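# Structural overview
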Amino acid sequence: MTMLTATALSVVAQEVPQVANVLGRQNVSLNGKWNYIIDVQEEGYYDYRMNPTRWGFFRNAKPQRPEELIEYDFDKAATMNIPGDWCTQDERLFFYEGTVWFKKSFNHKKQEGRRTLLYFGAVNYDCRVWVNTREVGHHIGGFTPFNYDVTDQLKDGENVVIVKVDNKRHAEDVPTQIFDWWNYGGITRDVLLVEVPEVYIENYKLQLEKADAKARQRDISVAVQLNKPGERQLKVSIPELKLSQALTTDANGFASATIKVPAKNLMLWSPESPVRYRVELSLAAAAPALGDFVADSIGFRTVETRGKQILLNGKPVFLKGISIHEEKPNGGGRANSTADAHTLLSWAKELGCNFVRLAHYPHNEYAVREAERMGIMMWSEIPCYWTIAWTNPGTYANAQRQLTDMIRRDQNRANIIIWSIANETPHSKERDQFLGRLAQYARSLDNTRLISMAMEVTGASNYKNRLHDNMHEFVDVVSFNQYIGWYRDVNDAPKMEWEIPYDKPVIVSEFGGGAKYGYHGAKNQRWTEEFQENLYIENTAMLDKIDGLCGTTPWILKDFRSPRRVLDGIQDYYNRKGLFSDKGEKKKAFYVLKKWYEGK
Ligand code: GCB
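Structural notes, computed from the coordinates. (Residues numbered from 1 in each chain as written. Predicted model: local features only at pLDDT ≥ 70, side-chain atom pairs only at ≥ 80, totals over all residues. Heavy atoms only, no water.)

### Examining the sheet that holds strand 22 (residues 309–312)
Here three strands make up an open sheet; going across it, the order is 21-22-23 and the pairing antiparallel. The open sheet has two edge strands, strand 21 (303–306) and strand 23 (315–316), and neither has a second partner. Here strand 21 pairs with strand 22 via four bridges, running antiparallel. Across the sheet, Thr 305 pairs through a bridge with Ile 310, a residue of strand 22. (Pairing = 2+ DSSP bridges. Helix = DSSP H or I, 4+ residues; strand = E, 2+ residues; numbered from the N terminus.)

Pasting the structure below:
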C-alpha cells in the first residue's frame, strides 16, 4: 500500500488566550448531534508508516468518481450528543481509551468587522481541531477551556468542524497514568462560536480589597486585558451601586483602577447572603458596532487567614464541606449543566454544607456559577494527582497551563476561595521544586484567594500522626487526606493524636469509607451502611481534637465510577465512598455528617 504523506501538517490559525465569560457573550452553540468514527489505530491520522498523512479523516472526503476508494464517511457514521462523554453513549466505548473522530456541519454568515472564536469548554484529553479541512490547533488537558480564532477559515454557508479526540493515558500527562476516577473521553463541555469585535475585552478581574472591619470605604480593584495592545478607552460600571469608572489601556492593552465604594452601600457575598451585582464593561470605538460590551454578575467578599483561622469577610468561618466528582447525579457520565449542578449542590446543602471541594480537576463553569448563586464556597483543583513526572519540563508546562486556564475562567467567582495545586503527591526534592514553582505561579496570577493542596500524613507511631511537608511554606492552608477506619483500623480513631507543626489553618480534605447502599449488617462488616456510619461517628469525634481545624471535605458526596474498583457485587466499577449512592439514595452516614455539621 502506498499513500502520499506530508512531513508536517501545517496548523493555520493560532490559538488565542481564553476569552472570559463566554456565556455572557454573543455566541452560537455547536452543541447537539455530532457524527463520530471510532479509530482504534488512528488510521485517520497516520499512514501505514506511522507518519501523519495529508489524506486523513479531517479532509471529510467523499468519492468524486464511482471507482474512488474512500474508507470512511462521517455522514453515514452514528451520532452522539455533544457535550457528552463517549463512555456512556455507546456500549462499545465504555472502557475505551483511544481515538474517536467527531464531525459537525453548521451554517455561518460572516459579519463585517467581527471575529469568530471556536470555543471548547473542555475536551478529554488530547485533541486536534480542523475547520474546513485546515488544522486550527492542538490542545492537551481534559478539564479547561480553549479557543481558536477561526475567522479566516470560515466561509458563508456550510462549514465543517472535525475534532480528533484521544484519551489514552501517559505517564507524563496531567493527570498521569493512574487515577481513581473514570477516564471519560470526548467533547465533554460546550462547543461555541463566539462573536467578538476586532478589539475585544479578553479578560477582567474585579476583586474586593481586604480592609479593617471598621473601614468606612471599601476598594474594588479592577483589571482589564484587551486582546490587542494600544491605548483605548474603557468603562466599568456597577449600576446598582451607582459606580462608574473610566480606564485607559496601556501599550500592552492592559488597564487597572480602584473603585471606591462606601462600606455601608456594599452588601458582601457570603453563604448566608450570596449577593451579586451586575457589572458592565464597555470598550469605546469610533462606531458602536466596533466597540465591545460584556456584563457579568459578581459577588464581593474577602478571604484571608489569621494564624490558624480562615476569615471570610473578616470573620472566622468553618468550612462544612464535601468532595465531589463531576458526574451526573443519577446514573453517571460527565455532568455539564446547571440542572446537574443544582441537584448535586442541593444534596450538599441538605447535608448542611457551605463548601464543596471540586475533585480532582476544574469542573464545568455552570457548576461554579450555580454554587456561587446558591451560596456555596468552593475549592478548585488541577489534576496534579499522585505520581506526576516531576522532572519533565513538558509536564510542568502542562500543569501550569491548566492552572492558568482554571484561574482565568473563574477569577471573578466570589465562591471560589481556594486554588489547590495537587493531591496526595509523593515527597521528593523534584516534587517540591515542581509544586513550589506552581504555587508561586498561582499566587502571581491571583493573590486574592488561598492556596492549598491535599497532602498526606507522613508518619505515625504510637497513634501519633505527623504531617511534615516541605510544601507547608508555599500554602496558606495545610490540608491533608486520611482514611482511618478504611485503610486503617477504625478502633484506632479515639487514640489518635495529630502533630501539625505549622501556624496555619487545617482542612481535612478527605476521609471516609465505602458502603453499598441497601447492604446492612454489623458495624464491623465491611461495605455495609453500618460500617460507614460507624466510621463517620468515630472520625468526626476524632477530627474535633485537631488543633486549628477549619474545615473538612469528606470523601465523597456520591458514589462515582472508577476502573480501579472491581469487586463484583459491591463495587462493580464504582468507588462506593459516597454518602449518596450512584442513583442518589442516601446512606446512613449522611445523617452522621449532617448532625456533626449542625453543631459547627
Ligand atoms: C484518595 C484520593 C481519592 C480516592 C480516595 C479513595 O486518597 O485522593 O482520589 O478516590 O482516596 O477512595 O481511596
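### Points about the packing of helix 3 (residues 393–410) against helix 4 (residues 429–445)
The geometry of helix 3 relative to helix 4 is characterised by a closest axis approach of 10 Å and an angle of 25° between their N-to-C directions. Judged by the inter-axis angle, helix 3 sits roughly parallel to helix 4. Classified by chirality, the crossing of helix 4 by helix 3 is right-handed. For the pair formed by helix 3 and helix 4, the contact residues are Thr 395, Tyr 396, Ala 399, Gln 400, Leu 403, Thr 404 and Ile 407 on the first element and Phe 434, Arg 437, Leu 438, Tyr 441, Ala 442 and Leu 445 on the second. Considering only residue class, the contact of helix 3 with helix 4 consists of nine nonpolar, three polar and one charged. (Axes fitted to C-alpha atoms, helices over the stretch in contact; angles between N-to-C directions. Parallel < 35°, antiparallel > 145°, perpendicular 65-115°, else oblique. Left-handed = near helix turned anticlockwise from the far one by under 90°. Contact = heavy atoms within 4.5 Å. Nonpolar A, V, L, I, M, F, W, Y, C, P; charged D, E, K, R; others polar.)

### Structural notes on the side chain of Asn 336
As for its position among the elements, Asn 336 is in the loop between strand 24 (319–324) and helix 1 (338–350). Only 3.2 Å separates the side chain of Asn 336 from the side chain of Asp 190, close enough to count as a polar contact. Apart from the residues within four sequence positions on either side, Asn 336 is in contact with Pro 83, Thr 188, Arg 189, Asp 190, Asn 364 and Tyr 366. (Polar contact = N/O pair within 3.5 Å; in protein donor to acceptor, adjacent residues only side chain to side chain.)

### As for helix 5 (residues 529–543)
The end-to-end C-alpha separation of helix 5 is 21 Å, in line with the 21 Å expected for 15 residues at 1.5 Å each. The set of residues buried in helix 5 consists of Glu 529, Glu 530, Phe 531, Gln 532, Asn 534, Leu 535, Tyr 536, Asn 539, Thr 540, Met 542 and Leu 543. Close packing links the buried residues of helix 5 with strand 32 (497–499), strand 33 (506–510), strand 34 (549–552) and helix 6 (588–598). (Expected span 1.5 Å × (residues − 1). Buried < 20%, exposed > 50% of the residue type's maximum accessible area, 1.4 Å probe, protein only.)

### What to know about the pattern of salt bridges
By the definition in use, this model includes 50 salt bridges. Close ionic contact of Glu 67 with Arg 65 constitutes a salt bridge, the shortest N to O distance being 3.3 Å. Exposure remark for Arg 65: the relative accessible area of 46% places this residue in the partly exposed category. When salt bridges with common partners are traced through the structure, they connect Arg 276, Asp 296, Glu 365, Arg 369, Glu 372 and Arg 413 into a single cluster. (Salt bridge = Lys/Arg side-chain N within 4 Å of Asp/Glu carboxyl O.)

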